Amino acid sequence: MCVTSRRGSRDETVRVAVVGTGAIARGSHLPALAALAAEQPLRVVAAVDVDADAAAAFCADGAVPHPYTDLERMLDEQRPDLVTICTPPRFHRDQTVAALRAGAWVWCEKPPCPSLADFDAIEAAEAEGGPYASIVFQHRFGSGARHVRGLLAEQTLGRPLVAHCQTTWYRGTDYYSAPWRGRWHSEGGGPAMGHGIHQMDLLLDLLGPWSQISAMAGRLVHDIETEDVSTALIRFGSGALATVVNSVLSPDEVSRIRIDCERATVELTHLYGYRNADWHITPAPGVNAEEASRWRDFGADEPSSHLAQLRGLLADLRAGRRPRSSGADGRRSLELIAALYKSAFTGATVRAGEIAPGDPYYTALHGDAPGWAPESPEPREVVAG
Ligand SMILES: NC(=O)c1ccc[n+]([C@@H]2O[C@H](COP(=O)([O-])OP(=O)(O)OC[C@H]3O[C@@H](n4cnc5c(N)ncnc54)[C@H](O)[C@@H]3O)[C@@H](O)[C@H]2O)c1
């Protein structure tokens with residue numbers, strides 16, 4: 001089908017709709033949109049939620065004129081330029097495709113969608129020059145990541161050699177008492193997919209393409225379908241090796257990335273978001289002190305945030321350029337996670353690119369693996385309201 005994007009030019013007002021009006025929509029999307037509306041012509045024109053009271057309250061609190069419970073109706077009546085999707089992951093594919101087909105660009109919350117097959121269906125609904133669908137991976141967009149990405153790309157720190165990527169968080173039984181959590185169909189996956197995805201996405205953004213992965217997963221504490229911990233070894237195209245831990249069993253919570261390069265160690269330690277001060281660069285013996293102090297100059301402090309990513313996306317929308325974290329650049333982390341599960345559940349090493357149509361891990365992250373796949377058939381969702 002032919003899709004026509006109605007992108008705004010620099011001076012045109014970009015009309016935005018928010019789909020799903022829960023915690024992340026209120027806590028991060030609306031504030032970022034409000035901040036950007038103060039910088040450029042932009043208006044939040046509508047919000048959609050299956051819960052009519054939630055949509056109405058969101059609109060009242062955010063001065064958004066049009067609450068809806070029906071996505072298709074909103075798309076038809078409001079013709080937004082950009083739709084931000086803040087619903088649970090199982091709705092992401094169908095809602096993203098519906099918005100793209102209506103000519104709107106999409107900014108969809110992580111995790112992108114339940115499988116690589118779903119992601120490819122989203123990509124197929126994009127059109128050259130827009131509309132495009134970009135995934136929220138806000139940790140790529142702080143000034144710290146930008147600075148370190150630049151140092152690594154220029155090889156100023158020498159070759160990256162070995163890395164650690166850690167998402168060790170804690171979620172108790174109260175967290176898993178919500179019936180939709182811990183299930184492949186409704187939560188999308190365990191901590192590899194739902195929690196560690198941010199750190200792993202940032203690792204890939206810094207180190208570039210991966211080539212192979214060997215992983216293990218465990219269900220050690222919680223009575224759930226998915227894993228509650230996973231570990232992995234990854235080889236990168238550059239030759240660098242990395243270890244990854246994704247856990248919801250770790251009382252002392254931390255998110256950490258450490259990359260040892262030939263001339264320095266770069267380390268980021270935070271929990272749910274970082275500032276420049278959370279990054280540390282330790283030069284190797286013999287590195288000139290002046291050079292090391294230049295490396296440590298991160299410039300103006302821009303925290304990792306929805307705001308930083310959305311600002312870039314709007315510039316791309318106005319210019320009709322593919323935004324970061326869309327297409328192959330948005331798919332990469334999902335492919336790594338699919339490969340992590342495939343390796344953990346089969347015991348095999350998995351290579352980049354091998355999970356293709358026909359592979360059970362292409363259509364479901366559990367890959368129908370005995371002991372891991374849901375025991376009862378997963379209900380098929382209809383396009384959400
Ligand atoms: N980027 C981040 O750091 C970050 C942090 C938290 C959550 N998230 C992601 O944001 C998404 C939403 O999480 P949340 O914590 O806001 O959840 P939430 O439960 O607080 O909100 C979800 C909202 O979506 C609505 N909804 C459910 N099904 C719908 C449908 N079919 N159509 C329209 N509305 C529907 C619900 O009524 C609810 O209001 C998830 O994908 C989650 O992983 C991202």
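Residues numbered from 1 in each chain as written. Predicted model: local features only at pLDDT ≥ 70, side-chain atom pairs only at ≥ 80, totals over all residues.

Asks: Got a sec to walk through the overall build of the protein? Specific residues and values, please.
Replies: A count of helices and strands for the protein gives 14 helices and 14 strands. A compact globule built from 385 residues would reach a C-alpha radius of gyration of about 21 Å, and the protein, at 21 Å, matches this within 12%. Across its three principal directions, the C-alpha atoms of the protein cover 65 × 55 × 40 Å. Burial analysis of the protein (385 residues in total) assigns 48% to the buried set. Taking contacts inside the protein between residues at least 6 apart in sequence as the whole, the part at least 24 apart equals 72%. (Helix = DSSP H or I, 4+ residues; strand = E, 2+ residues; numbered from the N terminus. Rg over C-alpha atoms; globule rule 2.2 N^0.38 Å. Buried ≥ 20, exposed ≤ 12 C-beta atoms within 10 Å, placed from the backbone. Contact = placed C-beta atoms within 7 Å.)

Asks: Describe the sheet that holds strand β11 (residues 249-261), naming the residues involved and giving the relevant values.
Replies: Think of a sheet as strands paired side by side through backbone hydrogen bonds, with each pair either parallel or antiparallel. Here 8 strands make up an open sheet; going across it, the order is β13-β12-β11-β7-β10-β9-β8-β14 and the pairing mixed. The sheet is open, and its two edges are formed by β13 (279-283) and β14 (350-351), each paired on a single side. The sheet contact formed by β11 and strand β12 (residues 264-270) spans 6 bridges and is antiparallel. Bridge pairing links Ile-257 to Leu-268 in β12. Contacting β7 (160-170), β8 (210-218), β9 (229-236), β10 (241-247) and β11, helix α10 (residues 197-207) runs over the sheet at an angle of about 165 degrees to β7. Its contacts with the sheet put helix α13 (residues 327-346) on β8, β9 and β14, and the angle it makes with β8 is roughly 55 degrees. (Pairing = 2+ DSSP bridges. Axes fitted to C-alpha atoms, helices over the stretch in contact; angles between N-to-C directions.)

Asks: Explain the domain arrangement of the protein to me, and be specific about the residues and the numbers.
Replies: We note that the domain assignment places domain 1 (14-136 + 308-322) and domain 2 (159-261) within the protein. Each of domain 1 and domain 2 was reduced to a C-alpha centroid, and the two centroids are 27 Å apart. Listed as interface residues are 6 residues of domain 1 and, on the opposing side, 8 residues of domain 2. (Domains from an automatic or database assignment.)

Asks: Which residues make up helix α5 (residues 116-124), and what are the values?
Replies: For α5, the full list of buried residues reads Leu-116, Asp-118, Phe-119 and Ile-122. Projected onto a plane normal to the axis of α5, the buried residues spread over an arc of 155 degrees and lie on a single side. Where α5 is buried, its residues meet α4 (92-101), β6 (133-135), α13 and α14 (360-363). (Arc of directions from axis to C-beta.)

Asks: Any details on the pairing of strand β5 (residues 105-108)? Residues and values, ideally.
Replies: Of the two faces of β5, the one lined by Trp-105 and Trp-107 and the one lined by Val-106 and Cys-108 are each fully buried. Pairing analysis gives 4 bridges linking strand β4 (residues 82-85) to β5, with the strands arranged parallel. If you follow Leu-82 over to β5, its bridge partner there is Trp-105. For the crossover from β4 across α4 to β5, the handedness is right-handed. As paired strands, β5 and β6 are joined by 3 bridges and run parallel to one another. When the sheet's bridge partners are listed, Trp-107 is paired in β6 with Ser-134. In this region the chain leaves β5, passes through α5 and returns to the parallel neighbour β6; the handedness of that crossover is right-handed. (Right-handed = clockwise from strand over helix to strand, strands pointing away.)

Asks: Please give an account of the packing of α4 against α5 that cites residues and values.
Replies: For any two helices packed against each other, the geometry comes down to the angle between their axes and how far apart the axes lie. The contact between α4 and α5 brings their axes to 9 Å, and the two run at 5 degrees. In terms of their interaxial angle, α4 and α5 are classed as roughly parallel. Only Asp-118, Ala-121 and Ile-122 of α5 make contact with α4, whose side of the interface consists of Arg-93, Thr-96 and Val-97. Residue classes in the contact of α4 with α5 are distributed as 3 nonpolar, 1 polar and 2 charged. (Parallel < 35°, antiparallel > 145°, perpendicular 65-115°, else oblique. Nonpolar A, V, L, I, M, F, W, Y, C, P; charged D, E, K, R; others polar.)

Asks: Tell me about the UniProt feature "domain: Gfo/Idh/MocA-like oxidoreductase N-terminal" (unreviewed entry) in the protein, residues and numbers included.
Replies: Here the UniProt-annotated "domain: Gfo/Idh/MocA-like oxidoreductase N-terminal" (unreviewed entry) positions come out as residues 14-128. Between the first and last C-alpha atoms of residues 14-128 the distance is 19 Å; the span itself is 46% helix and 21% strand. (UniProt positions renumbered as here; feature names shortened; annotations may be inferred.)

Asks: Report on unusual backbone geometry, specifying residues and quantitative values.
Replies: Of the consecutive residues Lys-110 and Pro-111, the connecting peptide bond is found in the cis state with omega at -20 degrees. Mapped onto the elements, Pro-111 comes out in the loop between β5 and α5. Geometrically, the link from Gly-130 to Pro-131 is a cis peptide bond, its omega value of 5 degrees lying close to zero. Among the structural elements, Pro-131 can be located in the loop between α5 and β6. Even without being glycine, Ala-63 reaches a positive phi, approximately 55 degrees. Summarising the element assignment, Ala-63 is placed in the loop between α2 (52-62) and β3 (66-68). Of note in this structure, Arg-79 is not a glycine but carries a positive phi near 45 degrees. Note on placement: Arg-79 falls in the loop between α3 (71-78) and β4. By the C-beta count within 10 Å, which is 15 here, Arg-79 ends up partly exposed.

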